[in-house]
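Residue-level structural notes
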Number of protein chains: 2
Amino acid sequence: MTSTGDDRVARGEQLVLATLIGGVGNHAGAWRRPNSRVEEKYDLRLFTDLVGRAEAAKLHAVFLADGLRLETDTLRSQPFAGLEPVTLLSALAAVTSRIGLIGSISTTFSEPYTVARQLASLDHISNGRAGWNLVTSAWGEENYGRSLPPHDERYERGAEFAEVLFALFDSWAADAITVDRATGVYADPAKVRAIDHVGKHFDVRGPLNVARPPQGRPVVAQAGSSEIGQDVAARFADVVFTTGRTTDEDSRRFYRSLKDRVAATGRDPGSVKILPGVSPIIGRTETEAKAVERELNGFIDLVSGRAKLSRQLAGVDLDDLELDEPVPLERLPQESQVQGRRSRFGVYRALVEDGWTLRRLIHWEVASAGHHVPVGSSEQIAELLLRRFEAGAADGFVLLPSYVPEGFTLLTDEVVPILQERGAFQTEYAHETLRGNLGIGPVA
Amino acid sequence: MTSTGDDRVARGEQLVLATLIGGVGNHAGAWRRPNSRVEEKYDLRLFTDLVGRAEAAKLHAVFLADGLRLETDTLRSQPFAGLEPVTLLSALAAVTSRIGLIGSISTTFSEPYTVARQLASLDHISNGRAGWNLVTSAWGEENYGRSLPPHDERYERGAEFAEVLFALFDSWAADAITVDRATGVYADPAKVRAIDHVGKHFDVRGPLNVARPPQGRPVVAQAGSSEIGQDVAARFADVVFTTGRTTDEDSRRFYRSLKDRVAATGRDPGSVKILPGVSPIIGRTETEAKAVERELNGFIDLVSGRAKLSRQLAGVDLDDLELDEPVPLERLPQESQVQGRRSRFGVYRALVEDGWTLRRLIHWEVASAGHHVPVGSSEQIAELLLRRFEAGAADGFVLLPSYVPEGFTLLTDEVVPILQERGAFQTEYAHETLRGNLGIGPVA
């Protein structure tokens, strides 16, 4: 069921909420706040604390992002490297019981048999809470001894990768393991089948050597918002983690377009949850939020901010530009020529078209990484999320705390309870599995 | 320091003990015992219990084996598939505090940048307890769309793989992260360097995008015992997990040969721990142990036992042979012609040379998987381990419980205390890291 009306909560619908956790906050200056736990960026305890808090707030899932290279030009002032998602999520599975665990894994630089084994294992270890964020990687080729395939070829490979994973998860019937000690029959080999996949990018015989995961298939998330990215999402994704749209109208247009694509594949549009990223700068009051915003922006290192912005703008050289002059539009390529993070590039290009200065763009980039950054009190943020949900622009959100821990605690301890009081968010987990809690049911 | 005398314990040396855990026991029939926990083969709680017990016994490390395909011909009667090691070890890291966590990862079907990230992350998550068992894979090619490289080429790639991993771990200086909130300096980019590896098998620029692991390098284990396998172990391994030798003299010869190779590379032979696999069938008394052995052998399915044996014998067809006739030696290739598990093949070939019948070989295979299978009381097993240690044939052992949970509990709760009473095994962990507890120190 797809809703675009403005009475969704009254009709019993609720938001899906996830959170993306990097450890220090989405704002590039957040680590410099006095209480940041940046020293613990490689310490499991930090993540156990944060995910434990997310679980106490009944969030549906935690996301971990990933990248396949170190950005040495911003390393001096920005702690972006961190723990690898599959290992960290597996550790978190052992210390949580209900929250979903979704990690980014690249289809361009991975092998499907290996990824299927790890995801199926994570799903077993977590009793059905594993999720995979299908990413095609915009960089990393220098660490894998090959060149980055062009944008659309990456998505083509990504789609075949997902097909292979689905076939491998399905290679064991749910009742293949029988365990009869008396007769010595452990499993029925007729219920475990080779997949014999022979494709353009992969030849995989199978079957998987991990039994069928509890969810049938781990949940699939997808973030690509280019045309082909949306097509891949429509075919394979359970959750779409979108980015960049700052107005209700933009979000609604994307939402409708994607749901239409889902329907065109023959899937139920209601079974695909669209969750835009939102990275609020929250304070207990609006005044405090604005003070935090000023503080965070004061922490920005403009040199690495310039490098980071350049990366979002398809690598365009910005070194000779004055901070308070508009960025010349003619420096930028067309969106269709960009090979990675294409839709995000489009968001930035629109701001350049609007005449934004270099300084303003850098401030926006380091605060948002391309996501919407509303500034306000917990009440104001909760209202904004509700309004966008009711406007048919989202089925929920991926919350990216702009600063940790305080900005995260305000989300879990103030924003979520407001949504719960309005009846717009779950007060308990209703199911054991992530699929169950997302309301998208098990895989047949 | 390498010891070959017979007074090692008196001089203050102690055994290194690890255990390899698959969940149901090393004997192929163990799952049919009434108390086996075979239904929990995909349940984290089983492994949490077993590894918790190993940690309470102060074992140095737990090993997880791995394979890259499903053996469908034995699936009916043998529960060999299971959870993938990296994910399971990461989960176990969260619920343990001192025991080492060593997993097999293939160098033939993996990418070094991905493996380096996961191992470094596991090392951070576990506070310095990660280990990597370098394996080159004897099969799995059908799931990776390529043919299996010849034996020696696999080891050549394995050696280059280890070189890349070491360089990536070293790409961050230990003091690269500085965290100065006031000046906004997070790290010193001069202390994080590209590795610019260009080799025959891999081109990897680096640096790693995970900070230097707590151990400097995770511990490296290696099991290959062929000539080139021993050379790779001598160059890169901290721990050698050997197999198959059932006599003291055989074990001593291998031990000396490998220590000599280590010395020839310029490394300290005492810094490489040689741990033969031992899979005892233990009872509270010798009589009980023999009864368990009979029970376990009675559980054997000879059809899949024949298939399993065939695999260990380089795929030779055994279908037409009578169970109580000797296996004809002329069916077997020479050891040097075998492409995978070569040294293990040599052990089996020697038994065929000795005139073993097919039935006896199958019984030995399903009980041992190539490891030494002594049968006796806890006291007898402890004596055997001590004798082999004192004979200069081992620095310790990888214990493979033949049946779980009872056979494992006898190891941890009876055999280990006997060794502790003799002063031959640690009664506490002396260090935080696996390297520390192995006595091989940190990487400079």
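Not measured: the values here are computed from a predicted model.

A word on the overall build of chain A
When helices and strands are tallied, chain A shows 13 helices and 14 strands. Against the globule reference of 22 Å for 444 residues, chain A gives a C-alpha radius of gyration of 22 Å, in line with a compact fold. When the backbone C-alpha atoms are referred to their principal axes, chain A occupies close to 80 × 50 × 45 Å. When the 444 residues of chain A are sorted by exposure, 64% land in the buried category. Sequence-distant contacts, at least 24 apart, represent 78% of the contacts inside chain A between residues at least 6 apart. Accessible surface, chain A as shown: approximately 15,500 Å² in total, 47% of it carbon and sulfur.

Some thoughts on the relation of the copies chain B and chain A
Overlaying chain B with chain A gives an RMSD of 0.0 Å, the required rotation being 180° about an axis along which the chain moves by 0.0 Å. Such a combination of turn and shift is consistent with a two-fold rotation axis. Looking at the rotation axis and the C-alpha trace of chain B, the residue lying nearest is Ala91(B), at 2.0 Å. In this assembly, 100% of the residues forming the interface of chain B have copies in chain A that are likewise at the interface, indicating an isologous arrangement.

A look at helix 5 (residues 227–236) of chain A
All buried positions along helix 5 of chain A are accounted for by Gly229(A), Gln230(A), Val232(A), Ala233(A), Ala234(A) and Phe236(A). In the core, the buried residues of helix 5 of chain A are packed alongside strand 4 (130–135), helix 4 (151–169), strand 9 (219–222), strand 10 (239–242) and helix 6 (248–264) of chain A.

Things to note about unusual backbone geometry
Residue Pro207(A) is reached from Gly206(A) by a cis peptide bond, and omega for that bond is -5°. Topologically, Pro207(A) is positioned in the loop between strand 8 (203–204) and strand 9. Here the residue pair Val404(B) and Pro405(B) is connected by a cis peptide bond, since its omega of 5° sits within 30 degrees of zero. Along the chain, Pro405(B) falls in the loop between strand 14 (396–399) and helix 12 (406–421). Here Ala314(A), not a glycine, exhibits a phi torsion of approximately 60°, which is positive. Following the sequence through the fold, Ala314(A) ends up in the loop between helix 8 (302–312) and helix 9 (342–353). The backbone phi angle of Ser137(B) is positive, close to 70°, even though this residue is not glycine. By secondary structure assignment, the location of Ser137(B) is in the loop between strand 4 (130–135) and helix 4 (151–169).

Topic: the nonpolar core
If you look at the biggest cluster of nonpolar residues, it comprises 193 residues, and the most contacted ones within it are Trp172(A), Leu385(A), Trp172(B) and Leu385(B). Residues contacting Trp172(B), with those up to four places away along its chain left out, are Tyr42(A), Leu70(A), Leu75(A), Ala81(A), Ile177(B), Lys191(B), Val192(B), Leu208(B), Val210(B), Ala211(B) and Arg212(B).

A word on the UniProt feature "binding site: FMN" (unreviewed entry) in chain A
Summarizing the sequence annotation, UniProt attributes the feature "binding site: FMN" (unreviewed entry) to Asp66(A), His151(A), Tyr155(A), Ser225(A) and Ser226(A) in the numbering used throughout. As for its position among the elements, Asp66(A) is in the loop between strand 2 (61–64) and helix 2 (85–94). With residues up to four places along the chain from it excluded, the contact list for Asp66(A) reads Pro85(A), Ser104(A) and Arg117(B). A distance of 2.4 Å separates polar atoms of two side chains, one belonging to Asp66(A) and the other to Arg117(B). In this fold, His151(A) is placed in helix 4.

A short note on the packing of aromatic side chains
Enumeration over the complete set of coordinates arrives at 18 aromatic pairs over all chains. Both rings, one in Trp132(A) and one in Phe161(A), keep their centres 5.8 Å apart while their planes meet at 40°; by these two values the pair is tilted. Note that Trp132(A) is positioned in strand 4 and Phe161(A) in helix 4, a separation of 29 residues in sequence. In this structure, Trp132(A) and Phe161(A) share a single accessibility class: buried. On the basis of an interplanar angle of 75° and a centroid distance of 5.8 Å, the ring pair of Phe166(A) and Phe236(A) is categorised as edge-to-face. With a gap of 70 residues between them, Phe166(A) in helix 4 and Phe236(A) in helix 5 connect regions that are remote in the sequence. Each member of the pair, Phe166(A) as well as Phe236(A), is classed as buried. The ring of Trp356(B) carries Arg360(B) above its face, with NZ or CZ at 3.6 Å from the centroid.

Here we look at the interface of chain B and chain A
In this complex, chain B contributes 68 residues to the contact, which on the side of chain A involves 68 residues. For the pair chain B and chain A, the two sides together bury roughly 6,000 Å², of which 58% comes from carbon and sulfur. It is Tyr42(B), Arg181(B) and Tyr186(B) in chain B that bury the most area against chain A; as a group they hold 13% of the surface buried on that side. Viewed at the interface, chain A and chain B are joined by eight salt bridges. Glu111(A) serves as the salt-bridge partner of Arg146(B), at 3.9 Å between the closest nitrogen and oxygen. For the pair chain B and chain A, the number of links is 40 residue pairs in polar contact (both at pLDDT 80 or more). Of all the secondary structure elements, the ones that give two or more residues to the side of chain B that touches chain A are helix 2 (85–94), helix 3 (112–125), strand 5 (177–180), strand 6 (185–187) and strand 8 (203–204) of chain B. For the side of chain B that touches chain A, the per-class residue count stands at 35 nonpolar, 18 polar and 15 charged.

What about the sheet that holds strand 9 (residues 219–222) of chain B?
Residue and element names in this part refer to chain B. Within the closed barrel, the eight strands sit side by side as 1-2-3-4-9-10-11-14. Their pairing is parallel. Averaged over all neighbouring strand pairs, the angle between strand axes comes to 30°, with direction disregarded. Packed onto the sheet, helix 3 meets strand 3 (100–106) and strand 4 and runs at close to 150° relative to strand 4.

Focus: the sheet that holds strand 2 of chain A
Residue and element names in this part refer to chain A. The strand order around the closed barrel built from eight strands is 1-2-3-4-9-10-11-14, with neighbouring strands paired in parallel fashion. Going across the sheet, the axis of each strand differs from the next one's by a mean of 30°, ignoring polarity. Each of strand 3 (100–106) and strand 4 touches helix 3 (residues 112–125); the most contacted strand, strand 4, lies at about 150° to it.

A short note on the pairing of strand 3 of chain B
Residue and element names in this part refer to chain B. Of all seven residues in strand 3, seven are buried; the element is thus mostly enclosed. Residues of strand 3 alternate between two faces, with Gly100, Ile102, Ser104 and Ser106 on one and Leu101, Gly103 and Ile105 on the opposite face, all of them buried. Taken together, the four bridges between strand 2 (residues 61–64) and strand 3 define a ladder with parallel strand orientation. Each bridged residue has a counterpart across the sheet, and for Leu64 the counterpart in strand 3 is Gly103. Taken together, strand 3, helix 3 and strand 4 constitute a β-α-β crossover, and its handedness is right-handed.

Parameters at a glance
Residues numbered from 1 in each chain as written. Chains lettered and ligands numbered in written order. Predicted model: local features only at pLDDT ≥ 70, side-chain atom pairs only at ≥ 80, totals over all residues. Heavy atoms only, no water. Helix = DSSP H or I, 4+ residues; strand = E, 2+ residues; numbered from the N terminus. Rg over C-alpha atoms; globule rule 2.2 N^0.38 Å. Buried < 20%, exposed > 50% of the residue type's maximum accessible area, 1.4 Å probe, protein only. Contact = heavy atoms within 4.5 Å. Areas by Shrake-Rupley, 256 points an atom, 1.4 Å probe, with all protein chains shown as cover. Least-squares fit on C-alpha atoms with pLDDT ≥ 70 in both. Core = buried A, V, L, I, M, F, W, Y, C linked by side-chain atoms within 4.5 Å. UniProt positions renumbered as here; feature names shortened; annotations may be inferred. Polar contact = N/O pair within 3.5 Å; in protein donor to acceptor, adjacent residues only side chain to side chain. Phe/Tyr/Trp six-rings, centres within 6.5 Å; stacked < 30°, edge-to-face > 60°. Lys NZ or Arg CZ within 6 Å of the ring centre and 35° of its normal. Buried area = accessible area lost by both parts, 1.4 Å probe. Salt bridge = Lys/Arg side-chain N within 4 Å of Asp/Glu carboxyl O. Nonpolar A, V, L, I, M, F, W, Y, C, P; charged D, E, K, R; others polar. Pairing = 2+ DSSP bridges. Axes fitted to C-alpha atoms, helices over the stretch in contact; angles between N-to-C directions. Right-handed = clockwise from strand over helix to strand, strands pointing away.

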